[in-house]
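So you can see what is in the structure, the chains are spelled out below.
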Amino acid sequence: MAPSPHDPAGPGPDRTGTPGPEHPGGPARPDGSPRSDRRGPVVHKYGGNSLATIEQVRAVAQRVAATHRTGRPVVVVVSARGKTTDRLLRLAEAVGAPPAGRETDQLLATGENASAALLAMALHRTGVRAVSLVGAQTGILATGTHGRGVIVTVDTDGIDEVLARGAVAVVAGFQGLTARREVITLGRGGSDTTAVALAAELGAAHCEIYTDVDGVFTADPRLLPGARVLPAVDVDVMAEMAFAGARVMHARAVELAALRKVDIHVKHSARPGPGTVIAAREETKADMLESPTTVTGVVLDADVARVTLRFDAGDADAATDVFAFLARESLTVDMAALSDESTGVNIGITLHTDDVEPLRDYLERRPGPPGRPMESDEGITKLSLVGTGLLSRPDSTARMLRCLKSAAIAPSSVSTSQMRISVTVPDGDAVRAARVLHDEFGLTALTAGTGVTASVPA
């Protein structure tokens, strides 16, 4: 029988113990050689598809147990298993609950809680002491609106206590507690952010994200079979990819990793492979091949709508009020365009499809001149080319638009920056558009090896 996690047989290993053979010093350099690492526990995160079946839970338990036996303290963050979150959302909808709210967060958090308890039980079966931590036990304080929580701080005392016993801390991701001790969820993919936040607070140099793909790809491999795994990518480029719609990482997790200098290693949970190192530390970045003008990937986001707002000329506060509302409700906007003319104020933005109705409701309640009806086009996909030095090479945008035109694809709402060029295209053309750009900018020919990106062909 496995020892009880609540009755450790003697003191647990020191958190600053010597790294074991499986983790000799954090993620390897892109060329495979080891690197030095600041001391701290090993932090793993397992996504829901990696825990969907009991067999997968047992396999994850075996992997975690093997890491624990190297002598390093281990913290594991888990997501809800399989399609649990979708199922819970359908239940909430069936009883008439809003998609985001206090009770919805209470319900959704149970998915991660169940995963944490199950994995702890599976670890007990392997002979490894483990303690699941949920809600207030995680020490994560968050703020914001329900369904869109933002981590403010992490009190690691509870996790430190578990590690000091020699047990594995299995933490329910995706959630925190507000100052009023209310459960608040962090949004889809929020368990990534939980893992990075814990890695930062516990002094780990890197965080290992285990998922159902082999790493970060140049495009979604489910849509573009020719997509290639990137052996390494700069954290700033990854943040741009995540914000543009790449689902392999939660955007706020990458932003936090950049802020706290925590490398992220993305790997497949069920098969071996080098994965992708998302480089946040200067030491890691120094090992990466740099190119002055490069393209890293093509990203599609189908969950967006293009919204157009028109206000009368006398409504001087229209733009300020709209963007203040969006900020207050944590509604993320992109590709914004504002024109203030004698005939009135026009605002064009892209935002998540789930955020269209909250904006419409606000406009109906907003005092002042009524303005004209909001126009919304949900039949579009945001298509982004992500890389570095895109404005430094002025022909990048022209080349992108020329390529789409040659494929008889009509883009709109063009937005450019040094790291991203985004357009909106009709939903039916999105995958084909991504494919022609992936080929045009040489990403299909990318081969694994040291480096971040493929140089833009001349």
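Residues numbered from 1 in each chain as written. Predicted model: local features only at pLDDT ≥ 70, side-chain atom pairs only at ≥ 80, totals over all residues. Heavy atoms only, no water.

(A) Fine view of the overall build of the chain. Helix and strand content of the chain: twelve helices and 21 strands. Looking at the chain as a whole, 52% of its 458 residues qualify as buried. Within the chain, counting contacts between residues at least 6 apart in sequence, those at least 24 apart form 74% of the total. When the accessible surface of the chain is summed, it comes to about 19600 Å², and 53% of that surface belongs to carbon and sulfur atoms. (Helix = DSSP H or I, 4+ residues; strand = E, 2+ residues; numbered from the N terminus. Buried < 20%, exposed > 50% of the residue type's maximum accessible area, 1.4 Å probe, protein only. Contact = heavy atoms within 4.5 Å. Areas by Shrake-Rupley, 256 points an atom, 1.4 Å probe, with all protein chains shown as cover.)

(B) Geometry of the packing of aromatic side chains. With the rule as written, the count across this model stands at two aromatic pairs. For the ring pair Tyr46 and Tyr210, a centre distance of 5.0 Å and an interplane angle of 10° mean the geometry is stacked. Placement of the pair is Tyr46 in strand β1 (residues 42-46) and Tyr210 in strand β9 (residues 206-211), with a sequence separation of 164 residues. Here Tyr46 falls in the buried class, since its relative accessible area comes to 0%. Residue classification places Tyr210 among the buried residues on the basis of a relative accessible area of 4%. The interplanar angle of 10° and the centroid separation of 4.3 Å between the aromatic rings of Phe325 and Tyr362 together place this pair among those described as stacked. Of this pair, Phe325 sits in helix α9 (residues 318-328) while Tyr362 sits in helix α10 (residues 356-365), placing them 37 residues apart in sequence. One exposure class covers both Phe325 and Tyr362, and it is buried. The side chain of Arg399 reaches across the aromatic face of Phe441, ending 4.6 Å from its centre. (Phe/Tyr/Trp six-rings, centres within 6.5 Å; stacked < 30°, edge-to-face > 60°. Lys NZ or Arg CZ within 6 Å of the ring centre and 35° of its normal.)

(C) The arrangement of the environment of Leu383 in detail. Here Leu383 lies in strand β18 (residues 380-388). Under the relative-accessibility criterion, Leu383 is labelled buried at 0%. Along the sequence, Leu383 and Ala433 sit 50 residues apart, while their C-alpha atoms lie 8.0 Å from each other. Setting aside residues up to four positions removed in sequence, Leu383 forms contacts with Val298, Val299, Leu300, Met400, Leu404, Ile421, Ser422, Val423, Val425, Ala433, Ala434 and Leu437.

(D) A look at the environment of Ala445. Relative to the elements of secondary structure, Ala445 occurs in the loop between α12 (430-440) and β21 (454-455). By relative accessible area, which is 63% here, Ala445 ends up exposed. It is 8.7 Å that separates the C-alpha atoms of Ala445 and Gly226, two residues lying 219 residues apart in sequence.

(E) Focus on the side chain of Lys285. The residue Lys285 is located in helix α8 (residues 282-286) in this model. The exposure class of Lys285 is buried, given its relative accessible area of 15%. Residues in contact with Lys285, not counting those within four places in the same chain, are Asp234, Val235, Asp236, Ala279 and Ala280.

(F) How the structure looks around unusual backbone geometry. Backbone geometry at Phe174 places phi at a positive 75°, although glycine is not the residue there. Locating Phe174 in the fold gives a position in the loop between β6 (168-172) and β7 (175-177). On the accessibility criterion, Phe174 (6% relative accessible area) is buried.

(G) Representation of the sheet that holds strand β16 (residues 344-352) in the model. The sheet built from four strands is open, its strands ordered β15-β16-β14-β17 with antiparallel pairing. Of all the strands in the sheet, just β15 (333-341) and β17 (375-377) have a single pairing partner and so form its edges. For this sheet, the mean inter-axis angle between neighbouring strands, taken without regard to orientation, is 10°. Bridge count between β15 and β16: seven bridges; the pairing is antiparallel. What sits directly across from Ala337, in β16, is Gly348. The strands touched by α10 within the sheet are β14 (304-311), β16 and β17, with β14 carrying the most contacts at an inclination of about 15°. (Pairing = 2+ DSSP bridges. Axes fitted to C-alpha atoms, helices over the stretch in contact; angles between N-to-C directions.)

(H) View of the pairing of strand β12 (residues 276-279). Burial of β12 is two-sided: the residues Thr276 and Ile278 facing one way and the residues Val277 and Ala279 facing the other way are all buried. Bridge count for strand β10 (residues 232-234) against β12 is three bridges, and the pairing is parallel. In the sheet register, Asp234 faces β12, and the bridge partner there is Ala279. As paired strands, strand β11 (residues 263-268) and β12 are joined by three bridges and run antiparallel to one another. Opposite Val266, over in β12, you have Thr276 as the bridge partner.

(I) Structural view of the confidence of the model for the chain. The predicted model of the chain averages 87 in pLDDT, with 87% of residues at 70 or higher. Low pLDDT, under 50, characterises residues 1-37; the stretch is placed with 81 contacts to residues that sit more than four places away or in other chains. Taken together, the stretch residues 448-458 has pLDDT below 50 and engages in 40 contacts with residues farther than four places along the chain or on a different chain. (pLDDT = per-residue confidence, 0-100.)

(J) Region of the structure containing the packing of helix α2 (residues 84-94) against helix α3 (residues 102-125). Put simply, α2 and α3 touch, their axes get as near as 9 Å, and they point 155° apart. The orientation of α2 relative to α3 falls into the category roughly antiparallel. The chirality of how α2 crosses α3 is right-handed. Here α2 contributes Thr84, Thr85, Leu88, Leu89 and Ala92 to the contact with α3, which in turn contributes Thr104, Leu107, Leu108, Thr110, Gly111 and Glu112. In terms of residue class, the contact of α2 with α3 is made up of five nonpolar, five polar and one charged. (Parallel < 35°, antiparallel > 145°, perpendicular 65-115°, else oblique. Left-handed = near helix turned anticlockwise from the far one by under 90°. Nonpolar A, V, L, I, M, F, W, Y, C, P; charged D, E, K, R; others polar.)

(K) The arrangement of the pattern of salt bridges in detail. Enumeration over the complete set of coordinates arrives at 25 salt bridges. Between Asp395 and Arg393 there is a salt bridge, with the nearest N and O atoms lying 3.2 Å from each other. Linked by salt bridges that have partners in common, Glu240, Asp334, Lys382 and Arg420 make up one network. (Salt bridge = Lys/Arg side-chain N within 4 Å of Asp/Glu carboxyl O.)

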